[in-house]
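Residue strings, one per chain:
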Amino acid sequence: MQVFTCPFCGPRNETEFHFVAEAGKVRPDTTQPISDAEWATYLHTQRNEKGPVREVWMHTTCAELFVMQRDSVTMAVLGTQALRKDGS
Amino acid sequence: MTGRRLASGGLIDRKAPLRLRFDGRPYGGFAGDTIASALLANGVRIVGRSFKYHRPRGVWGAWVDDPNAMMTVRLNGREMPNVPAATTPLEDGMDVRAVNAWPSAKYDVKGGLDLFHRWLGAGFYYKTFIWPDWHLFEPAIRKMAGLGHVSDAVYDDYVSDQVNAACDVLVIGGGPAGLIAARTAAERGEAVTLVDDHPDVGGSALQEVAIAGADPAKWVTAQKAAFVAAGGQVLVGTTAYGVYDHQLVGLIQQFGFGAAPRRWRMRARRIVLATGALDRPVTCANNDVPGVMSLQGAADFVTRYGVLVGQRMAVVANNAAAERAVAVLDGAGGRIRRVDPAKGAVTVHGRRGVAGISQKGTRRYADTVLMSGGLTPLVHLWRHAGGKLDWCPDRQAYLPGKSPVDMVAVGAANGTFDLEQALEEGQTAGAGRSVTRGPTDYHLTPLWPKPGSAGRQWIDFQHDVTLKDVEMAARENYVSVEHLKRYTTLGMAADQGKTANMAGLAAMASVQGVSIPEVGTTTFRPPFVPIPIEAFHGQHAKTQWAPVKRLPLEDLHRAADAALCEYGGWLRPGWYGQGDQTALIAQEAVMARTHVGVFDGSSLGKIAVMGPDAKAFLNFVYYNTITTLKPGHLRYGFMLTEGGVVYDDGVVACLSPESYIVSCSSSHTDGVLRHLEAWRQDGNDPDRIFVHDTTQAWATVTVTGPKAREVVAALGVACDLDKAAFAHMTLRETTWQGDALRIARVSFTGDVSFEISVTASKAAALWEAVIAAARDHGGGAIGLEAVSILRAEKGYIMVGKDTDGETMPHDLGFWAPRQKKTTAFVGDRSLRSENANRTSRKMLVGLRVQDGAAALATGAHVVLPGGEVSLGYVTFSYDSPTLGHPIALALVDNGANRHGEGVEAWHMGSRQSVTICAPCFYDAEGEKLHA
Ligand SMILES: [Zn+2]
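Residues numbered from 1 in each chain as written. Chains lettered and ligands numbered in written order. Predicted model: local features only at pLDDT ≥ 70, side-chain atom pairs only at ≥ 80, totals over all residues. Heavy atoms only, no water.

Examining the overall build of chain A
- For chain A, the helix and strand inventory stands at 1 helix and 6 strands.
- Going from N to C terminus, chain A has its helices and strands arranged as β-β-β-α-β-β-β.
- Here chain A holds 88 residues, and 35% of them are scored as buried.
- Carbon together with sulfur atoms contributes 53% to the accessible area of chain A, which is approximately 4900 Å² in total. (Helix = DSSP H or I, 4+ residues; strand = E, 2+ residues; numbered from the N terminus. Buried < 20%, exposed > 50% of the residue type's maximum accessible area, 1.4 Å probe, protein only. Areas by Shrake-Rupley, 256 points an atom, 1.4 Å probe, with all protein chains shown as cover.)

Some remarks on the coordination of the zinc ion
All names here are of chain A.
- Around the zinc ion, the donor atoms from the protein are Cys 6 (SG), Cys 9 (SG), His 59 (ND1) and Cys 62 (SG), and they sit 2.0 to 2.3 Å away.
- Each of the 4 donor atoms around the zinc ion contributes to a set of angles spanning 106 to 114°, which defines the coordination as tetrahedral.
- Ordering the donors of the zinc ion by residue number gives the pattern C-x2-C-x49-H-x2-C. One end of the pair, Cys 9, is in the loop between strand S1 (3–6) and strand S2 (10–13); the other, His 59, is in strand S4 (residues 52–59), with 50 residues separating them in the sequence.
- Residue Cys 9 is classed as partly exposed on the basis of its relative accessible area, which comes to 29%.
- Under the relative-accessibility criterion, His 59 is labelled buried at 1%. (Donors = N, O, S within 2.8 Å, 3.2 Å for Na, K, Ca; no water. Tetrahedral: all angles 85-135°; square planar, octahedral: opposite > 155°, others 65-115°.)

Quick notes on the environment of Ile 459 of chain B
All names here are of chain B.
- Looking at the element boundaries, Ile 459 is found in strand S28 (residues 458–460).
- When the C-alpha atoms of Ile 459 and Val 712 are compared, they prove to be 81 Å apart, with 253 residues separating the residues in sequence.
- Setting aside chain neighbours within four positions, we find Ile 459 in contact with Thr 283, Pro 449, Val 465, Thr 466, Leu 467, Leu 490, Thr 499, Ala 500, Ala 503, Gly 504 and Ala 507. (Contact = heavy atoms within 4.5 Å.)

Remarks on the packing of helix H17 (residues 581–594) of chain B against helix H22 (residues 784–794) of chain B
Residues and elements named next belong to chain B.
- It is the contact of H17 with H22, at a shortest axis distance of 8 Å, that shows an interaxial angle of 55°. Between H17 and H22, the angle falls in the class oblique. The handedness of the crossing between H17 and H22 is right-handed. Judged by residue contacts, Ile 585, Glu 588, Ala 589, Ala 592 and Arg 593 of H17 engage Glu 785, Ala 786, Ile 789, Leu 790 and Glu 793 from H22.
- Grouping the amino acids of the contact of H17 with H22 by side-chain chemistry returns 6 nonpolar, no polar and 4 charged. (Axes fitted to C-alpha atoms, helices over the stretch in contact; angles between N-to-C directions. Parallel < 35°, antiparallel > 145°, perpendicular 65-115°, else oblique. Left-handed = near helix turned anticlockwise from the far one by under 90°. Nonpolar A, V, L, I, M, F, W, Y, C, P; charged D, E, K, R; others polar.)

Observations concerning the side chain of Gln 223 of chain B
Residues and elements named next belong to chain B.
- With respect to the element layout, Gln 223 can be found in helix H5 (residues 216–229).
- The exposure class of Gln 223 is buried, given its relative accessible area of 6%.
- The contacts of Gln 223, once residues within four sequence positions are left out, are Leu 179, Ile 180 and Arg 183.

A short note on the pairing of strand S33 (residues 597–600) of chain B
Residue and element names in this part refer to chain B.
- In S33, alternate side chains face the same way, and those of Gly 597 and Phe 599 on one face and Val 598 and Asp 600 on the other are all buried.
- Direction of pairing for S33 relative to strand S39 (residues 698–704): antiparallel, over a ladder of 4 bridges. Each bridged residue has a counterpart across the sheet, and for Val 598 the counterpart in S39 is Val 703. (Pairing = 2+ DSSP bridges.)

Re the interface of chain B and chain A
- Each side of the interface is counted separately: chain B has 27 residues, and chain A has 25 residues.
- Looking at the side of chain B facing chain A, the largest losses of area belong to His 246, Gln 681 and Arg 829 of chain B, adding up to 31% of the total buried there.
- Between Arg 27 of chain A and Glu 642 of chain B there is a salt bridge, with its nearest N and O atoms 2.5 Å apart.
- Where chain B packs against chain A, one counts 15 residue pairs in polar contact (both at pLDDT 80 or more).
- Ranked by residue count, the leading element in the side of chain B that touches chain A is helix H19 (residues 669–681) of chain B, at 6 residues.
- Taken together, the residues that form the side of chain B that touches chain A break down as 9 nonpolar, 7 polar and 11 charged. (Buried area = accessible area lost by both parts, 1.4 Å probe. Salt bridge = Lys/Arg side-chain N within 4 Å of Asp/Glu carboxyl O. Polar contact = N/O pair within 3.5 Å; in protein donor to acceptor, adjacent residues only side chain to side chain.)

Quick word on the packing of helix H18 (residues 614–621) of chain B against H19 of chain B
All names here are of chain B.
- Contact pair H18 / H19: the axes reach a minimum separation of 11 Å and the direction vectors enclose 115°. The element H18 and its partner H19 pack so that their crossing is right-handed. Touching Phe 617, Phe 620 and Val 621 of H18 are Leu 676, Trp 679 and Arg 680, all from H19.
- Considering only residue class, the contact of H18 with H19 consists of 5 nonpolar, no polar and 1 charged.

Concerning the sheet that holds strand S19 (residues 335–339) of chain B
Residue and element names in this part refer to chain B.
- What the 4 strands build is an open sheet, ordered S16-S23-S18-S19; its pairing is parallel. Across the chains shown, the open sheet's two edge strands, defined by having one partner strand only, are strand S16 (292–294) and S19. Between one strand axis and the next, the sheet turns by 30° as a mean value, whatever way the strands run.
- Here helix H6 (residues 295–305) sits on the sheet and contacts S16, strand S18 (312–317) and strand S23 (368–372); the angle it forms with S16, its principal contact strand, is near 80°.
- Each of S18, S19 and S23 is contacted by helix H7 (residues 322–331), which is oriented at about 155° to S19, the strand it contacts most.

Considering helix H4 (residues 176–187) of chain B
All names here are of chain B.
- For H4, which comprises 12 residues, the first-to-last C-alpha distance of 17 Å matches the rise-based estimate of 16 Å (1.5 Å per residue) to within 8%.
- Within H4, 10 of the 12 residues are buried, which leaves it mostly tucked inside the rest of the structure.
- Those residues of H4 not exposed but buried are Pro 176, Ala 177, Gly 178, Leu 179, Ile 180, Ala 181, Ala 182, Thr 184, Ala 185 and Ala 186.
- Buried positions along H4 lie against strand S9 (162–172), strand S10 (192–196), H5, strand S14 (262–273) and helix H9 (419–430).
- Trailing H4 by a residue or two, Gly 189 shows a phi angle of about 95°, which is positive. (Expected span 1.5 Å × (residues − 1).)

Section: the confidence of the model for chain B
- Taken residue by residue, chain B gives an average pLDDT of 93. The fraction at 70 or more is 95%.
- This complex was scored by the predictor with a pTM of 0.88 and an ipTM of 0.95. (pLDDT = per-residue confidence, 0-100.)

Description of the packing of aromatic side chains
- Counted under the stated rule, the structure contains 22 aromatic pairs over all chains.
- Judged by centre distance (5.0 Å) and plane angle (40°), the rings of Trp 39 of chain A and Tyr 42 of chain A are tilted. Here Trp 39 of chain A and its partner Tyr 42 of chain A are both found in helix H1 (residues 36–44), 3 residues apart, which amounts to about one turn of the helix. Each member of the pair, Trp 39 of chain A as well as Tyr 42 of chain A, is classed as buried.
- Taking 3.9 Å as the distance between ring centres and 15° as the angle between the ring planes, the aromatic pair formed by Tyr 478 of chain B and Tyr 487 of chain B counts as stacked.
- The class of Tyr 487 of chain B is buried, set by a relative accessible area of 13%.
- An aromatic cluster is built from Phe 4, Phe 17, Phe 19, Trp 57 and Phe 66 of chain A, whose rings are joined through pairwise contacts.
- Lying across the ring of Tyr 922 of chain B, Arg 593 of chain B places its NZ or CZ 3.6 Å from the centre.
- Taking NZ or CZ as reference, Arg 732 of chain B lies 4.7 Å from the ring centre of Phe 726 of chain B, over its face. (Phe/Tyr/Trp six-rings, centres within 6.5 Å; stacked < 30°, edge-to-face > 60°. Lys NZ or Arg CZ within 6 Å of the ring centre and 35° of its normal.)

Structure (structure tokens):
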């Protein structure tokens, strides 16, 4: 059971959180032509890195999204910030 | 008689005698005994039969390392299977039976299996019974091979406490090193918890002559007292069974036989591992004969229980730590013969008990053989936490290497077997400093299994794996340790190979001619000791695990004799009244069609979406165009996933240009809320959009049927209900009895319907008023079952029932936005993919049966006449009480273009002719809907 720190509520058990996406993924402008490959990359391709990762999570009890840096090998949480101040 | 009770010594209370029965015979013990120590004190040798060959087995170890003594125990009318005799405190009146023996461990009718051992090697059952079908043989084999029987009785009070706790320092193991570590940390002012799985702390201290110049028992008492005085918490009878992410340690605390253990989820800032080490068996011929025991275990039986396990004891040891144990046994009056295993292979003699030991052709008498093949540090928890292991050639053992975060190993767990050094390590770790392992006086002569040597040599006692099985696995190329483990089941029994794994790895290394570290280890996984599944859920089960959501009107429904059922997490009325369920449901459906039906729609999601960007936001998250929706109007629509699949359907109400209500499916509200929040905060300005779930704040009473308008009019609301003034898919906000009231003209049945919403506190008053008015018009309450029929007659879908994980909106006949909507929306690009444009997509259709035929089975496959290939399946089927014939909805390949085609519904081998039709059986022109 990991402990994540919601920037709004503080440290909580991981069961209160929901993974949303890898950080930095930008939705293509779907009013413009987009190739199948580009769309498929957006939908399905994840970086899935080993080591430090940046991810967007939701704290389901307060419903706020935030960015979390963590290490996918050691499971160490390296930091969390509110999404809206992150700019990504 | 072999084992006997000593006149003095041990931690038992000789003034407190206890009685037990073993395999039907009465014996005596004392308070402080385990089942195993009591049996040994009575001279009992055979305590069970081995798993596969039904060989007689005796006690091997004095604690968690014992693989053999597994019991079914009855006490006070309560029976528990697979009770480990070596770790279970004896209680008065215990009725103990060996698990794998019938009628008793001494006389086992399956003992004959041992004669066939040649044919029962690794993989025997799989290889032999694979033809014609393993499953034909499996029941008989399982019955013959399993350990223990689960009692049929259900113990309602067997419910585990669950405790969440935290501490600065968790010290695991209350031996000398652990005690010093705990005391040091506590005296520094840290919150420290010390756990030990024995009834009291002390660990290996009891076997020492003196500690820091003091009597060991007094030293232990003094350390514990100082620790407690410094604020420390001691948990005895408590095993740390697993270490999980972020320093979470699972503890299991025992409260005696038959009582559910308490489970602690202990979050520790740092962990000191002082778990000690176990003695290894020596792999030699017949090393499983009862009376072959762990040397350290035998010393433990003396110091803890005052039991000398044998009279004429041969000691086969290869290491320096043996001397301390031998001294203990010697002091207890045992006659000891040392056999140096370095001088040649040894063979144990005897069948039902040790009768001698021979080396180089010389046989000598012994009633007990005590083995010590070297100490193995208990590093299980270290590995759970992600710590690395280093192979130490001097100690011939894996030792803690690179440490996991905030965990330090000390004492024997760290390979530090010298007392002084262990105490020093404990002190260092307690002070929060890292531990550097010093040089050791401990030494040993490597002694590992020798492949090719004669006789049957046991590696895994509990799962009956021999050296020959390991050799066979290697011959058959199961050389990876993980394959070796699974093929031979080595280390996979309830003891998790505590005595077996090292011998197995060494044997495999030897067969392959490589070093032990080159073979590697298998994965250490929790739990360290067997734990009842019960302990993992405790009260968190059944309705406590998934609590239902409850309606404000539940009491009124109950009073009206509703059958309350769970629908998508909500407890809702299925139907009303006593009697034949099908008939009652049909009556309700007909009543709603001919007169008026009233149902509780309060569970329907009511998510408020507000703010200057609310309209653009909803236009983005909905498939349908929302920008054209005017205040006072409703629109039915779909939310899609980015993959274009229908995620939810519902109605959006526009209260004002900056205020909307999203009415989603009852079961989807939480998910839709998360979906909206995610898009709101990621890609939008969250200061210009607000999402708020008001589902529980409003109660909704839905009135449907030809008389619906009259019923609503009878409420006396200030609202023009005339169909010209109040059209289908519009909304009015008004008041009723001084409170806010919303009336939405929207239908889930195909008849004129009004959804009336008030604050939850007014729900009962509204319900009673509506029901009274409905009765005046020949109607009344209807349950969800009737509603489900009415909506299916009309072809209104239920997402997740009439759709699946591939259904896109155009598969349901909703083409327009996909073709016309120009602004971006969730899932849009996926609707323009090759996959979305396939004609062979499963589309929603209706199915008509032949005149007089019965209703189809839900889930029946749709196939071509005589065909074998599924074109889709029936999602809903019912014998419509309104129409007097069966109806069905189905998802069928290219179904929208096959209306009129004759196909078959295939179910469990039978076929029924059906005709594909439009998915609407009631009021296709919509005259009743708009009436
Ligand atoms: Zn939060």
